[in-house]
Amino acid sequence: MKNEWMYRMSGNLRIRIVGKGLERLLNEFTRRGIYVWNVRREGEHSLTCYILLRDIRHVRVAMRKSGCKLYVLERHGAPFWLKASWKNSGIVVGLVAFICIVFLLSNMIWRIEITGANPAVEHTVRQQLKKMGVERGALQFVIPSPETIQRTLMNHMDTVTWIGVEWRGTTLYCRVVEKKQPTETKSNTPQHLVAKKKAVITYMFVEQGQAVVEINDHVVPGQLLVSGFIGKEGQTKIVPARGQILGETWYKSTVVVPMKTELYMLTGKKRETHYVHFWSWKIPFFWNHKEKFSTFEKQVDEKTFRFLTWTLPIRYEKVVWHEKEIAVREYSYDQARKVAKQIAREQLKRQLPSDATIQGEKVLHETKENGKVKVEMHYQVIENIATPQPIIQGD
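This text gives an overview of the structure that appears in the document. None of these values were measured; they are calculated from a predicted model.

Rules behind the numbers
Residues numbered from 1 in each chain as written. Predicted model: local features only at pLDDT ≥ 70, side-chain atom pairs only at ≥ 80, totals over all residues. Heavy atoms only, no water. Helix = DSSP H or I, 4+ residues; strand = E, 2+ residues; numbered from the N terminus. Buried < 20%, exposed > 50% of the residue type's maximum accessible area, 1.4 Å probe, protein only. Core = buried A, V, L, I, M, F, W, Y, C linked by side-chain atoms within 4.5 Å. Contact = heavy atoms within 4.5 Å. Salt bridge = Lys/Arg side-chain N within 4 Å of Asp/Glu carboxyl O. Axes fitted to C-alpha atoms, helices over the stretch in contact; angles between N-to-C directions. Parallel < 35°, antiparallel > 145°, perpendicular 65-115°, else oblique. Left-handed = near helix turned anticlockwise from the far one by under 90°. Nonpolar A, V, L, I, M, F, W, Y, C, P; charged D, E, K, R; others polar.

1. Observations concerning unusual backbone geometry
Thinking step 1. In this model, asparagine 38 sits at a positive phi of 55°, which is unusual for a non-glycine residue.
Thinking step 2. Relative to the helices and strands, asparagine 38 resides in strand E2 (residues 36-43).
Thinking step 3. Since its relative accessible area comes to 40%, asparagine 38 is described here as partly exposed.
Thinking step 4. Backbone geometry places asparagine 370, a non-glycine residue, at a positive phi of 55°.
Thinking step 5. Position of asparagine 370 among the secondary structure elements: in the loop between strand E20 (357-369) and strand E21 (372-384).

Set out below in structure tokens:
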């Protein structure tokens, strides 16, 4: 029987029939549509066979006038297994509850390890993680993905250069690379102060050492500004030169701004599908395909499941399609010039030290070609141009 395994799952019986006229009884079974198999003779008036559990009532009806007796020898199939399991339901429920608890505990956050950060930065990282719901005891499949956590941390923290986030079992590891903050410490090593770039000196304050230039002097990189030698000839003393030397420096910046730009903007509409992956099978269990988008942005979020130290071959996947629409941004010539100047100024600010100030700006050249405005800017900047240079004995 091709589907014998299905009938076995639905329940079957191995029975013994004792009496006369066994052949007539089997023919009666056939007329009534009762399926029997593995029929074996045990004697002249006895045989064994298998029947489906669902046919037992029809068998008893067919045997009423046959004078034969029926004995059940074996019971097989899911109904009998479930009945036996129900008698031991406490053990079954306890086993299922144990597996569920271990599964949940295996997919929780038990530790958050942060390396490469000082105590202050580590505290800030933990506070940001807590705002995202990433804390000890949280379930891993309801919190953001490591990529999302990493991007959010870097967007909200200016004191770090890079943050790496990864899962290792039930531990979330965060590796932090901090920005190197300049520390202003007074050096006791003999040194000169020299110019680090071309400039015209606008302000001088010499705390220690001998100034060798004056305000309005033009200096070049490497030129001596404050000497570490003080005193009269023959009675000189070497000291660490210190002070603040401000100078006017010059920068150029070129920016090109298109007068017409096509931008993709999210409309807020979305559709999503949820999948469960079993090995190589991908099964959708919730989806919303009512709306079809011509242009969209696809976002995929996957969660893996673990049991103790093993990664299960089961994954949850959420796919979201965000609708996008094309928006055209157009500038007039004057608007494009203004935007180009703003962009150039912002780019320059990112290059300058925090204590530098832009003293003045001037448009050197501007052109309009191929629907784009090109602006070349010149800036005058006031910044500290002094940098220490150690004094080597024998200079």
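2. Observations concerning the nonpolar core
Thinking step 1. Val125, Leu129, Val134 and Leu153 are the most contacted members of the largest nonpolar core, which has 19 residues in total.
Thinking step 2. The residues touching valine 125, leaving out its near neighbours within four places in the chain, are Ile114, Leu153, Met157 and Val176.

3. A closer look at the environment of leucine 266
Thinking step 1. Relative to the helices and strands, leucine 266 is located in strand E16 (residues 260-278).
Thinking step 2. C-alpha separation for the pair leucine 266 and isoleucine 326, spaced 60 residues apart in sequence, amounts to 9.0 Å.
Thinking step 3. Residues in contact with leucine 266, not counting those within four places in the same chain, are Glu297, His322, Glu323 and Lys324.

4. Focus on the pattern of salt bridges
Thinking step 1. On inspection of all chains with the given rule, the structure shows 14 salt bridges.
Thinking step 2. The partner of arginine 111 in a salt bridge is glutamate 113, with the nearest N and O atoms 3.8 Å apart.
Thinking step 3. The shortest N-O distance in the salt bridge between arginine 345 and glutamate 361 comes to 2.6 Å. Here arginine 345 is found in helix H8 (residues 333-351), whereas its partner glutamate 361 is found in strand E20, with 16 residues between them in sequence.

5. Comments concerning the packing of helix H6 (residues 119-131) against helix H7 (residues 146-156)
Thinking step 1. Viewed as axis vectors pointing N to C, H6 and H7 meet at an angle of 125°, and their least axial separation amounts to 10 Å. Taken together, the axes of H6 and H7 lie oblique to each other. Here the hand of the crossing between H6 and H7 comes out right-handed. In this structure, H6 uses Val125, Gln128 and Leu129 to contact H7, whose residues at the interface are Ile149, Leu153 and His156.
Thinking step 2. Tallied by class, residues from the contact of H6 with H7 come to four nonpolar, two polar and no charged.

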